[in-house]
Amino acid sequence: MNSIIKIGGAIVALAVITTGAIFASANENDGREKYQIMSEEALVSMISREHKIKPEVVRFAIKGAHFITKIVPKARRGGYEAKGYDSYRKLFVNSSMEKRGKSFIAENGQALQEAEDIFGVNKEVIVAILGVETKFGTQPGTRNVRDVLYTLALAHPRRSKFFRDELATLIK
């Protein structure tokens, strides 16, 4: 089971929630009052009610989570210009990525098969996500996923529910 958790330096269970990987590294946890749109207790209550997780489990899971002030303005304004598929295709669908993907599958075949059997997601899809999001585990991001989801669930007015849902998925 450990092989499913870590494959080639990438964390498969977290591959679909790599939200934090797009932000630059920093350790700023002050200034929460400027951005926070709800209390931590309101967050606990909402996650508990919406996802049927006991409040004490949610509190335990977020205990010690850091509010990362620096990521809030960038997340609120959006970090990317809307582009068509063709713009992204050339970045990720090319012979180099295909070769690296095939190599990754060859090196991690057993663990990928286990993940496919357990989660019902084709290993090729898992590898494609890992390729796009982490360059096959070589660029896994610099932020703690829990801290990013916690921060944005508390501070992103338009997408708070999305980040709450992702945080609940991580807690489960």
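Residues numbered from 1 in each chain as written. Predicted model: local features only at pLDDT ≥ 70, side-chain atom pairs only at ≥ 80, totals over all residues. Heavy atoms only, no water.

1. Thoughts on the overall build of the protein
Part 1: For the protein, the helix and strand inventory stands at eleven helices and two strands.
Part 2: Taken from N to C terminus, the helices and strands of the protein fall in the order α-β-β-α-α-α-α-α-α-α-α-α-α.
Part 3: Counting all 172 residues of the protein, 36% fall into the buried class.
Part 4: Considering only intrachain contacts with a sequence separation of at least 6, the fraction spanning at least 24 residues in the protein is 76%.
Part 5: Of the roughly 10,300 Å² of accessible surface on the protein, a fraction of 54% belongs to carbon and sulfur atoms. (Helix = DSSP H or I, 4+ residues; strand = E, 2+ residues; numbered from the N terminus. Buried < 20%, exposed > 50% of the residue type's maximum accessible area, 1.4 Å probe, protein only. Contact = heavy atoms within 4.5 Å. Areas by Shrake-Rupley, 256 points an atom, 1.4 Å probe, with all protein chains shown as cover.)

2. What to know about the side chain of glutamate 116
Part 1: Note that glutamate 116 resides in helix α8 (residues 109-119).
Part 2: Reaching out from glutamate 116, the side chain makes a polar contact with the backbone nitrogen of lysine 123 at a distance of 2.9 Å.
Part 3: Beyond its immediate sequence surroundings of up to four residues, glutamate 116 is in contact with Val121, Asn122, Lys123 and Ile126. (Polar contact = N/O pair within 3.5 Å; in protein donor to acceptor, adjacent residues only side chain to side chain.)

3. Side note on the environment of arginine 77
Part 1: Structurally, arginine 77 is set in helix α5 (residues 71-77).
Part 2: Of the residues examined, arginine 77 reaches a relative accessible area of 63% and is grouped as exposed.
Part 3: Considered as a pair, arginine 77 and histidine 156 are 79 residues apart in the sequence and their alpha carbons are 10.0 Å apart.

4. So, the packing of aromatic side chains
Part 1: Counting across every chain of the model gives two aromatic pairs.
Part 2: Measuring from ring centre to ring centre gives 5.8 Å for phenylalanine 104 and phenylalanine 136, while their planes differ by 40°; the resulting arrangement is tilted. With phenylalanine 104 in helix α7 (residues 95-107) and phenylalanine 136 in the loop between α9 (123-134) and α10 (145-155), this residue pair connects regions lying 32 residues apart in the sequence.
Part 3: Residue class for phenylalanine 104 comes out buried when judged on its relative accessible area of 5%.
Part 4: Here the aromatic rings of phenylalanine 162 and phenylalanine 163 are separated by 5.1 Å at their centres, their planes lie at 75°, and the arrangement is edge-to-face.
Part 5: What makes phenylalanine 162 partly exposed here is its relative accessible area of 34%.
Part 6: We note arginine 159 situated over the ring of phenylalanine 162; from NZ or CZ to the ring centre the distance is 4.5 Å. (Phe/Tyr/Trp six-rings, centres within 6.5 Å; stacked < 30°, edge-to-face > 60°. Lys NZ or Arg CZ within 6 Å of the ring centre and 35° of its normal.)

5. Things to note about the environment of lysine 123
Part 1: Mapped onto the secondary structure, lysine 123 falls in helix α9.
Part 2: On the basis of relative accessible area, lysine 123 is assigned to the buried category, the value being 18%.
Part 3: When the C-alpha positions of lysine 123 and isoleucine 105 are compared, they lie 7.9 Å apart, and in sequence the two are 18 residues distant.
Part 4: Once you skip the residues sitting within four places of it in the chain, lysine 123 turns out to touch Leu112, Gln113 and Glu116.

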